[in-house]
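Reading the structure
Listed below, chain by chain, are the residues.
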Amino acid sequence: MALTSRPGVGRLYRSSNLHCLRASSVQVTCLAPSDRPLVREAGWLWKQSSTSDTQAYLRTQKTRPKKSLGQNFVVNDELLAAIVREAHIQPGDVVFEIGPGTGNLTRYLLQAGAEVTAIEKDDTLAAGLAQACAQEPKFTMVHADVLALDLQAVIAACLAQKQHTRARSRKVKIIANLPYYITKDCLRQVLPLGDSVSLVYLMLQEEAAQRLVVEGPGTPHYRAMNVFVNFYSLPRYEFRVDKSSYHPQPSVDGALVRFRLLPQAERLPMSAEATFWRMVDQAFAERRKMLRNSLQSLYEGALVTATLQRIGLPDTARAQDLSVAQFVALFQNLTSQT
Ligand SMILES: C[S@@+](CC[C@H](N)C(=O)[O-])C[C@H]1O[C@@H](n2cnc3c(N)ncnc32)[C@H](O)[C@@H]1O
């Protein structure tokens, strides 16, 4: 299998049994459908995911876990099986796995019968997993930084290609165990995709998971991200993951969170999403200030005061007091008057 470079996308895997899937702004190379049986009897992909197996695999790839890419691999087979069970992965499900790393979770997804598209930034691990899955007809490797991808276009192209295959659903599931520092950016990219993505399962730091799911109006850590999450999805805390389940072991425990994405038709009506999020971000930038002051760079204070009263809120309201529905009502009323 040869590797070629392409600016802005990363590398594409080419070989005689590959064919290309074209989206508007990206090119993804995937394995052509094949009748060949899975080669499960040999190779890394079908071993167990213990620390020693993972270390041995990394040695064969002449690489080490990279802190800069948040590489803490899951080395607990029971946990990997539990994630796949929790996500109800069934034959024909189309799953996007972001950050597959050594393929520890990929193996369980494939064993459950999913069609897996993996997006991996690390050069060595992307090449290694593509190689390990070279005979696997249900596997596609996209070697790219997920934050630089037009994910919606890649998913649309993938679903269009599967229209004539046995794929079960017209929506995909996303599973990601990513560096914690890109979690927010990844959620901002993924949660609005409810028309093509049904569920997102994300492994997060335990404390971050609690904050995303539990916080709401009036609680101490309620932030713009909570409004974002609850506008686009129904989040649910699944379970805690002990730090001993990773190699190398991080300093804190993790957790699995499920986001059931809302298709556009089921969200609160919104006329201008980008402007709405600018308002919410601005409101939370100074969350202890009253909205009539914190929103001054966007709307006149008197207009904010009158609008708050019109929608039944006190004119002293602060960002930390408003529910998602109240933010939407405030925005829609403000924009109808400007
Ligand atoms: C925490 S490890 C998880 C690996 C594997 N899923 C597991 O559970 O063992 C994070 C993975 O995400 C990859 N990664 C980091 N940043 C990424 C990005 N921006 N786009 C795609 N993959 C990324 C890393 O190289 C690594 O393989």
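Residues numbered from 1 in each chain as written. Predicted model: local features only at pLDDT ≥ 70, side-chain atom pairs only at ≥ 80, totals over all residues. Heavy atoms only, no water.

A few words now on the UniProt feature "binding site: S-adenosyl-L-methionine" (unreviewed entry) in the chain. UniProt marks Asn72, Val74, Gly99, Glu120, Asp145 and Asn177 with the feature "binding site: S-adenosyl-L-methionine" (unreviewed entry), using the numbering shown here. In this structure, Glu120 sits in strand β7 (residues 115–120). Taking relative accessible area as the criterion, Glu120 reaches 6% and is therefore assigned buried. Once residues within four sequence positions are removed from consideration, Glu120 is found in contact with Gly99, Pro100, Gly101, Leu125, Ala126, Met141, Val142, His143 and Ala144. In this structure the side chain of Glu120 is engaged in a polar contact, spanning 2.9 Å, whose partner is the backbone nitrogen of Gly101. With respect to the helices and strands, Asp145 occurs in the loop between β8 (139–143) and α5 (151–162). On the basis of relative accessibility, which here comes to 27%, the residue Asp145 falls in the partly exposed class. (UniProt positions renumbered as here; feature names shortened; annotations may be inferred. Helix = DSSP H or I, 4+ residues; strand = E, 2+ residues; numbered from the N terminus. Buried < 20%, exposed > 50% of the residue type's maximum accessible area, 1.4 Å probe, protein only. Contact = heavy atoms within 4.5 Å. Polar contact = N/O pair within 3.5 Å; in protein donor to acceptor, adjacent residues only side chain to side chain.)

Attention shifts here to the site of the ligand. Surrounding the ligand, one finds 21 residues, the nearest of these being Val74, Gly99, Glu120, Asp145 and Asn177. Between the ligand and Gly99 there is a distance of 2.7 Å, counted from a nitrogen atom to a backbone nitrogen or oxygen. Between the ligand and Asp145, the relevant distance is 2.8 Å, taken from a nitrogen atom to a side-chain nitrogen or oxygen of the residue. Taking 600 Å² as the accessible area of the ligand by itself, protein coverage stands at 98%. Counting only elements with at least two residues in the shell around the ligand, the list comes to β5 (73–74) and β7. Taken together, the residues that form the shell around the ligand break down as 10 nonpolar, 6 polar and 5 charged. (Near = heavy atom within 4 Å. Areas by Shrake-Rupley, 256 points an atom, 1.4 Å probe, with all protein chains shown as cover. Nonpolar A, V, L, I, M, F, W, Y, C, P; charged D, E, K, R; others polar.)

For the rest of this paragraph, the subject is the sheet that holds strand β13 (residues 254–261). In sheet architecture, strand pairing relies on hydrogen bonds along the backbone and comes in two forms, parallel and antiparallel. Taking strand neighbours across the sheet as the criterion, the 7 strands line up as β8-β7-β6-β9-β10-β13-β11 in an open arrangement whose pairing is mixed. The sheet terminates laterally at β8 and β11 (233–241), the two strands that pair on one side only. Across the sheet, the axes of successive neighbouring strands diverge by a mean angle of 15 degrees, strand direction being ignored. Here strand β6 (residues 94–98) runs beside strand β9 (residues 172–177); their pairing, made up of 4 bridges, is parallel. For Glu97, the partnering residue across the bridge sits in β9 and is Ile175. Strands β6, β7, β9 and β10 (197–205) of the sheet are contacted by α5, whose axis makes an angle of about 150 degrees with β6. (Pairing = 2+ DSSP bridges. Axes fitted to C-alpha atoms, helices over the stretch in contact; angles between N-to-C directions.)

Soluble, globular proteins show a tendency: their nonpolar side chains are buried together. Formed by 64 residues in total, the largest nonpolar core has its most connected members in Ile174, Phe259, Phe276, Met279, Leu291 and Phe327. With 7 residues, the top contributor of residues to this core is helix α8 (residues 224–232). Counting residues in each nonpolar core, the second largest holds 32 residues, with Leu45, Ile83, Leu109 and Cys133 among its members. (Core = buried A, V, L, I, M, F, W, Y, C linked by side-chain atoms within 4.5 Å.)

With that settled, consider the packing of aromatic side chains. Within the structure shown, the criterion is met by 10 aromatic pairs. Seen in terms of ring centroids, Tyr232 and Trp277 are 5.8 Å apart; in terms of plane orientation they differ by 35 degrees. Their pairing is tilted. In this pair, Tyr232 sits in helix α8 while Trp277 sits in helix α9 (residues 273–285), placing the two residues 45 residues apart along the sequence. The two residues Tyr232 and Trp277 agree in class, both being buried. With centroids separated by 5.6 Å and ring planes inclined at 40 degrees, the aromatic side chains of Phe284 and Phe327 adopt a geometry described as tilted. (Phe/Tyr/Trp six-rings, centres within 6.5 Å; stacked < 30°, edge-to-face > 60°.)

The final tally for this structure, using the stated rule, is 11 salt bridges. Notably, a salt bridge pairs Glu206 with Arg240, separated by 3.1 Å at the nearest N-O pair. Remark: Arg240 occurs in strand β11 and Glu206 occurs in helix α7 (residues 206–214); sequence separation between them is 34 residues. On the basis of relative accessible area, Glu206 is assigned to the buried category, the value being 11%. Linking Glu207 and Arg211 is a salt bridge whose minimum nitrogen-to-oxygen distance equals 3.1 Å. Taken as a pair, Glu207 and Arg211 lie in helix α7 at a separation of 4 residues, close to a single helical turn. (Salt bridge = Lys/Arg side-chain N within 4 Å of Asp/Glu carboxyl O.)

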